[in-house]
Amino acid sequence: MASVLKVDTLTGVTTAGSIAVTGEGNSTTTNLQQGLAKAWMDLYGAGTIAVNDSLNIASVTDSGTGRYDPFFTNSMNTANYSSALGTNGGHILTENHAVHETGKFYLSCGNTTFGSFADHEGVHVQINGDLA
């Protein structure tokens with residue numbers, strides 16, 4: 001018989017903000033908060049840029065052809081967070097890890113054919129790490 005649990009808040013017993021979840025095979029546990037994306041966005045980056053949808057992205061600055069600076073609504077704890085990036089149309093998207101900041105990050109989109117910066121209609125980003 002399946003059960004349904006409906007709650008508004010989950011709180012850990014040992015640490016309020018830390019909840020362990022038993023993984024597949026019942027052999028390991030995962031910290032729920034560590035497995036959640038802390039920010040993501042779908043950006044229209046050609047012409048007048050627009051954030052189509054997002055989580056924890058306050059705004060994005062157009063910093064030139066193929067270059068965007070997204071700002072977090074809630075900052076990351078350190079500049080050592082992880083990002084997964086992609087674009088529509090088979091173009092390469094690079095991100096300069098050396099200049100991550102806790103409150104923003106830098107995106108640079110390139111054109112695979114010409115090796116130059118290029119605007120993209122679909123830019124997709126996911127950020128994992130710890131919030132401040």
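Since the model is a prediction, treat every value here as computed from it, not as a measurement.

## Side note on the packing of aromatic side chains
Part 1: With the rule as written, the count across this model stands at two aromatic pairs.
Part 2: With a centroid separation of 5.6 Å and 80° between ring planes, the pair formed by F72 and Y81 is classed as edge-to-face.
Part 3: For F72, a relative accessible area of 6% corresponds to the buried category.
Part 4: Under the relative-accessibility criterion, Y81 is labelled buried at 6%.
Part 5: Judged by centre distance (5.3 Å) and plane angle (35°), the ring pair of F72 and F105 falls under tilted. Of this pair, F72 sits in strand β6 (residues 67-72) while F105 is found in the loop between β8 (93-94) and β9 (107-111), placing the two residues 33 residues apart along the sequence. The two residues F72 and F105 agree in class, both being buried.
Part 6: One aromatic cluster in this structure is built from F72, Y81 and F105.

Cut-off values and rules
Residues numbered from 1 in each chain as written. Predicted model: local features only at pLDDT ≥ 70, side-chain atom pairs only at ≥ 80, totals over all residues. Heavy atoms only, no water. Phe/Tyr/Trp six-rings, centres within 6.5 Å; stacked < 30°, edge-to-face > 60°. Buried < 20%, exposed > 50% of the residue type's maximum accessible area, 1.4 Å probe, protein only. Helix = DSSP H or I, 4+ residues; strand = E, 2+ residues; numbered from the N terminus.

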